[in-house]
Amino acid sequence: MDDDLEKTIETLLERRRREKERGGPRSRLVDAIMVLLLSKPMRSSEIAGLLGYETKYISSYLSYWKTRGYVEYNSGFWFLTPKGEEYAREVAERASDEKFDRLAALAQRILAEANVKKTINDKTPTPRPHHGRGSLSFIVSKKRKPDIKLQERARAAACFIESLRDELSEDELEVLTALLSHYSKWGSTYLYLDQLAELINADYKWVLSVVRMLQSKNIVYLYTDPRLGVRVGLSKPAKELLEECLRG
């Protein structure tokens, strides 16, 4: 494995381990609220106006994370506790790291494209590889062939998400996208709740609350297996929509 890739994977694994140990919120909306509160105490209506949500929606999030010790409320204003401030600073730092990673990836792509153009413009004949006895070139070519079924499922999943995007909150989109990501990779339309929480590195209770909202919209079902736990899967209407996306 390439050294840089190995270091990147180790960094991501370490980051996920720290997040699990911290047990903090797992929602981009909550992350945004926490970062806003780093600047100053704010009213729910002020946060809602800045983020484009209804005030009662923001208040419900803040009330929940107040019980978890991340925020406090006094005289109409919400503010971070020391625990919340620590989490918010980590979110801000992580966002900065992710921005750097995106820019670094872009720089590498630009450099790669430049090298490809240079190779195309180079008229020096390229030596033909020698395929002697024991050549494994046919194996390499087979490995490079794309997984057609995986690609079809990925396209269907994207179509499915896009079809429902306007009906879903950010949290619902995040959880449903994780479920569809699992489907794209493995072809299965269900996961157990603990697996889903693990997949997105989320708080189990938070995932359950979001799944119940999706259930109320008849997008997923919940089934309790006495041996294996709570199962989350696409409902019958959702599967039919997914099939339409596959055919399309």
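Scroll up to find the structure.
Quick caveat, the model's predicted, so the values are computed rather than measured. (Residues numbered from 1 in each chain as written. Predicted model: local features only at pLDDT ≥ 70, side-chain atom pairs only at ≥ 80, totals over all residues. Heavy atoms only, no water.)

Asker: Help me get a handle on the overall build of the chain, residues and values and all.
Answerer: For the chain, the count of helices and strands is eleven helices and five strands. The buried share of the chain, reckoned over its 248 residues, is 31%. Split by element, the accessible area of the chain, about 16,700 Å² in all, is 55% carbon and sulfur. (Helix = DSSP H or I, 4+ residues; strand = E, 2+ residues; numbered from the N terminus. Buried < 20%, exposed > 50% of the residue type's maximum accessible area, 1.4 Å probe, protein only. Areas by Shrake-Rupley, 256 points an atom, 1.4 Å probe, with all protein chains shown as cover.)

Asker: A description of helix α2 (residues 28-39) should follow, citing residues and the corresponding values.
Answerer: With twelve residues, α2 extends 18 Å between its outermost C-alpha atoms, agreeing within 8% with the 16 Å of an ideal straight helix rising 1.5 Å per residue. Looking at α2, one finds that the buried residues are Leu29, Val30, Asp31, Ile33, Met34 and Leu37. (Expected span 1.5 Å × (residues − 1).)

Asker: Provide a residue-level description of the nonpolar core, including the pertinent values.
Answerer: In terms of nonpolar packing, the biggest core is built from 32 residues, with Phe160, Leu176, Leu180 and Val207 touching the most fellow members. Mapped by element, the contributors of at least two residues to this core are α7 (148-164), α8 (170-186), α9 (193-199), α10 (204-216), β5 (229-234) and α11 (236-247). Once residues lying within four places of it in the same chain are set aside, the contact partners of Val207 are Leu193, Leu196, Ala197, Ile200 and Ala202. The next biggest cluster of nonpolar side chains, apart from the first, holds 19 residues, and it includes Ile33, Met34, Trp65 and Leu80. (Core = buried A, V, L, I, M, F, W, Y, C linked by side-chain atoms within 4.5 Å. Contact = heavy atoms within 4.5 Å.)

Asker: For the state of the cysteines, give the residues involved together with the corresponding values.
Answerer: Cysteine pairs can be covalently joined through their sulfur atoms, and such a bond is termed a disulfide. Tallying each qualifying case throughout the model produces one disulfide. Two residues share a disulfide in this structure: Cys159 and Cys245, whose sulfurs sit 2.2 Å from each other. Here Cys159 and Cys245 share a disulfide; its torsion about the S-S bond, -65°, makes the bridge left-handed. Within this pair, whereas Cys159 is found in helix α7, its partner Cys245 is found in helix α11, the two being separated by 86 residues in sequence. According to the relative accessible area criterion, Cys159 is partly exposed, its value standing at 31%. (Disulfide = S-S within 2.5 Å.)

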